[in-house]
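Working through the structure, step by step
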Amino acid sequence: MGNHEKVKPSRKTKQDGRSKTSAENGRKGGRPPAPEFASVASRFVAEVFMDKSTGEPTLRHWRGQWLRYTEKGWEHLFGGSLEKMIISFMENSTTYGPWASTNYVNGVILHLSSMYKCGLSDTLEMPIWISTKKPATDWIKFSNNIVLNVEDLAKKLKTPSKTATPDFFSVDFVEYPYDKGAKCPIFMKYLDRVLPEKSSKALAQKMFGLMLMDTTKYETFFYLFGRQARNGKTVMLDILKALVGKHNVCHLGLGSLSDKFALWPLAECKVNIYGDTATDTGYGSLAHIEGVFKDLVSGGTFEYEKKMLNKHNAKCRARFVFAGNSLPTFVDRSDAIWERLRIIRFNVQIPKEDRDPDLARKIISSELSGVFNWAIEGLGKIIKDKMVVGTSEG
């Protein structure tokens with residue numbers, strides 16, 4: 001083979017087209033630079049997450065979590081929802097579409113989380129009025145867009161209501177309207193049947209009222225007790241959950257309190273309801289958590305550890321409501337536990353022919369505004385007495 005003889009390639013090789021396109025791109029000034037993350041973030045908030053009436057952003061980043069403001073109120077964003085929204089926003093734009101990638105979106109999110117866009121200081125405590133940085137404790141948003149202070153309402157103070165806006169940074173919203181004149185006849189008939197004793201009904205009223213207020217200062221937990229099944233406990237718990245908002249309720253049993261990784265919902269939720277408490281497990285079975293439990297009932301501080309978030313100290317926000325067919329067995333014989341405990345006894349078993357499996361649903365769908373008014377009366381009694389007065393039956 002001579003030195004100048006050409007060798008044919010064994011297979012066709014792919015030609016590099018950059019020699020042609022680079023020159024063409026060069027004549028056009030080169031590939032356009034990517035838009036700045038900050039400008040995309042600002043445009044995204046302005047078009048997707050901006051309250052048109054107030055000019056307030058409806059997207060917030062706080063303590064490593066994203067929340068969005070909806071017709072209900074502030075709700076958490078989970079599972080990459082924000083990333084999907086940004087990708088969709090960019091893909092629908094001729095300017096931003098070519099840059100719609102995971103890496104680019106991460107840069108946009110970083111700018112969104114800044115204090116100049118949607119970020120809130122981690123030092124702020126929810127609930128709060130963002131504009132004034134004043135606490136919004138005991139304020140609740142109703143479905144008719146009214147925000148009321150339940151403590152002032154129970155005290156019969158003439159504190160004016162507010163119109164709900166994103167400035168009310170709180171997850172304390174309920175899915176029923178506020179109606180000052182609303183009644184609850186079906187609910188009251190149910191109470192007369194399952195709690196015929198006047199004192200038991202009064203204690204249930206106080207329990208409902210206390211769960212609306214955001215305080216642990218009364219250092220009280222409740223136990224719904226009935227040895228027989230079909231006695232109305234479950235209906236009461238379902239109505240209570242709907243009254244405070246299911247998103248504000250967690251479900252930790254007594255045994256879970258020894259697991260520090262399970263405690264974080266107690267810092268975020270208003271009420272902890274556990275409706276099938278296994279307590280008849282032998283003498284002293286709860287001894288290892290009694291100290292922790294007493295402290296939590298009093299609003300004690302614990303180490304908050306939640307997946308993917310930095311751990312920090314948090315106060316227990318939740319109040320505890322348990323239910324069971326047997327009473328809990330506590331080792332502590334001092335007043336520390338028993339002064340905190342209020343027992344509501346369900347001694348009436350509903351006959352089979354009188355049971356209504358849809359009773360809770362009927363009350364929840366039509367009478368929660370009335371149940372709220374009834375509960376506010378119970379809260380007023382607690383405030384007046386400066387404690388939750390129990391019953392002789394409990």
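Description of the structure in this document. Just so it is clear, the structure is predicted and the values come from calculations on it, not from any experiment.

Calculation rules
Residues numbered from 1 in each chain as written. Predicted model: local features only at pLDDT ≥ 70, side-chain atom pairs only at ≥ 80, totals over all residues. Heavy atoms only, no water. Helix = DSSP H or I, 4+ residues; strand = E, 2+ residues; numbered from the N terminus. Buried < 20%, exposed > 50% of the residue type's maximum accessible area, 1.4 Å probe, protein only. Areas by Shrake-Rupley, 256 points an atom, 1.4 Å probe, with all protein chains shown as cover. Phe/Tyr/Trp six-rings, centres within 6.5 Å; stacked < 30°, edge-to-face > 60°. Lys NZ or Arg CZ within 6 Å of the ring centre and 35° of its normal. Salt bridge = Lys/Arg side-chain N within 4 Å of Asp/Glu carboxyl O. Expected span 1.5 Å × (residues − 1). Pairing = 2+ DSSP bridges. Contact = heavy atoms within 4.5 Å. Axes fitted to C-alpha atoms, helices over the stretch in contact; angles between N-to-C directions. Core = buried A, V, L, I, M, F, W, Y, C linked by side-chain atoms within 4.5 Å. Parallel < 35°, antiparallel > 145°, perpendicular 65-115°, else oblique. Nonpolar A, V, L, I, M, F, W, Y, C, P; charged D, E, K, R; others polar.

**Digging into the overall build of the protein**
Scanning the protein from N- to C-terminus turns up 13 helices and 16 strands. Counting every position in the protein, which comprises 394 residues, the buried fraction comes to 47%. With an accessible surface of roughly 21400 Å², the protein has 51% of that area assigned to carbon and sulfur atoms.

**Description of the packing of aromatic side chains**
Tallied over the entire structure, the rule returns 23 aromatic pairs. Measuring from ring centre to ring centre gives 6.0 Å for phenylalanine 187 and phenylalanine 208, while their planes differ by 50°; the resulting arrangement is tilted. One end of the pair, phenylalanine 187, is in helix α6 (residues 185-194); the other, phenylalanine 208, is in helix α7 (residues 198-212), with 21 residues separating them in the sequence. Plain terms: the ring middles of phenylalanine 293 and phenylalanine 320 are 5.3 Å apart, the flat faces sit at 80° to each other, and that makes the pair edge-to-face. Taken together, the residues span a long stretch of sequence, with phenylalanine 293 in helix α10 (residues 290-297) and phenylalanine 320 in strand β15 (residues 319-324) at a distance of 27 residues. In textbook terms, an aromatic cluster arises when at least three aromatic residues are bridged by ring pairs, as seen for Phe44, Phe49, Phe89 and Tyr96. The residue whose ring lies beneath lysine 162 is tryptophan 129, and the NZ or CZ to ring-centre distance is 5.2 Å.

**Considerations on the pattern of salt bridges**
Throughout the structure, instances matching the rule amount to 12 salt bridges. When the shortest N-O distance is used, the salt bridge between arginine 63 and glutamate 125 registers 2.9 Å. Remark: glutamate 125 occurs in the loop between α4 (102-112) and β4 (128-129) and arginine 63 occurs in the loop between β1 (59-62) and β2 (65-69); sequence separation between them is 62 residues. In this structure, the salt-bridge partner of glutamate 175 is lysine 72, at a minimum N-O distance of 3.8 Å.

**A closer look at α7**
Relative to the 21 Å expected for 15 residues at 1.5 Å per residue, α7 spans 22 Å between its end C-alpha atoms, a close match to the ideal helical length. The buried fraction of α7 is high, at 12 of 15 residues.

**Quick notes on the sheet that holds strand β10 (residues 221-225)**
Spatial strand order, β11-β12-β15-β10-β16: 5 strands in an open sheet with parallel pairing. Taken across any chain shown, the strands that pair with only one partner, and hence form the sheet edges, are β11 (249-250) and β16 (341-345). As judged from the 5 bridges shared by β10 and β16, these two strands associate in the parallel manner. Note on β16: the bridge partner recorded for leucine 224 is isoleucine 344. Sitting on the sheet, helix α8 (residues 233-244) touches β10, β11, β12 (271-274) and β15, and the angle it makes with β15 is about 160°.

**Digging into the nonpolar core**
Of all hydrophobic cores here, the largest spans 54 residues; its most connected members are Phe187, Met207, Phe208, Met236 and Val321. In terms of residues, this core owes the most to one element, helix α13 (residues 368-385), which gives 9 residues. Residues within four places of valine 321 in sequence aside, it is in contact with Met207, Met211, Phe222, Leu224, Leu237, Leu240, Val271, Asn272, Ile273 and Tyr274. One finds Val297, Phe302, Phe320 and Phe330 within the second-largest nonpolar core, a separate group that totals 26 residues.

**A word on the side chain of glutamine 205**
Along the chain, glutamine 205 falls in helix α7. Among the residues examined, glutamine 205 registers a relative accessible area of 6% and is labelled buried.

**Quick look at the sheet that holds strand β5 (residues 134-135)**
Strand order across the open sheet formed by 3 strands is β5-β4-β9, with antiparallel pairing between neighbours. Looking at the sheet topology across the chains shown, the edges are occupied by β5 and β9 (168-169).

**Some words on the pairing of β12**
Taken together, the 2 bridges between β11 and β12 define a ladder with parallel strand orientation. Pairing of valine 249 across the sheet is with valine 271, part of β12. As paired strands, β12 and β15 are joined by 4 bridges and run parallel to one another. Paired with tyrosine 274 across the strands is phenylalanine 322, a residue of β15.

**A word on the packing of helix α2 (residues 37-48) against α4**
Where α2 contacts α4, the axes come no closer than 8 Å and their chain directions differ by 70°. Between α2 and α4, the angle falls in the class roughly perpendicular. Contacts between α2 and α4 involve Phe37, Ala38, Val40, Ala41, Phe44 and Val45 from the former and Tyr104, Gly107, Val108, His111 and Leu112 from the latter.

**Comments concerning the packing of α8 against α13**
When two helices pack together, their arrangement is given by the angle between the helix axes and by the axis-to-axis distance. Contact geometry of α8 with α13 gives a least axis separation of 10 Å together with a crossing angle of 90°. What the angle tells us is that α8 and α13 run roughly perpendicular. Each of Ile239, Ala242 and Leu243 in α8 lies in contact with α13, whose residues at this interface are Leu368, Val371, Phe372 and Ala375. Within the contact of α8 with α13, the residues separate by chemical class into 7 nonpolar, no polar and no charged.

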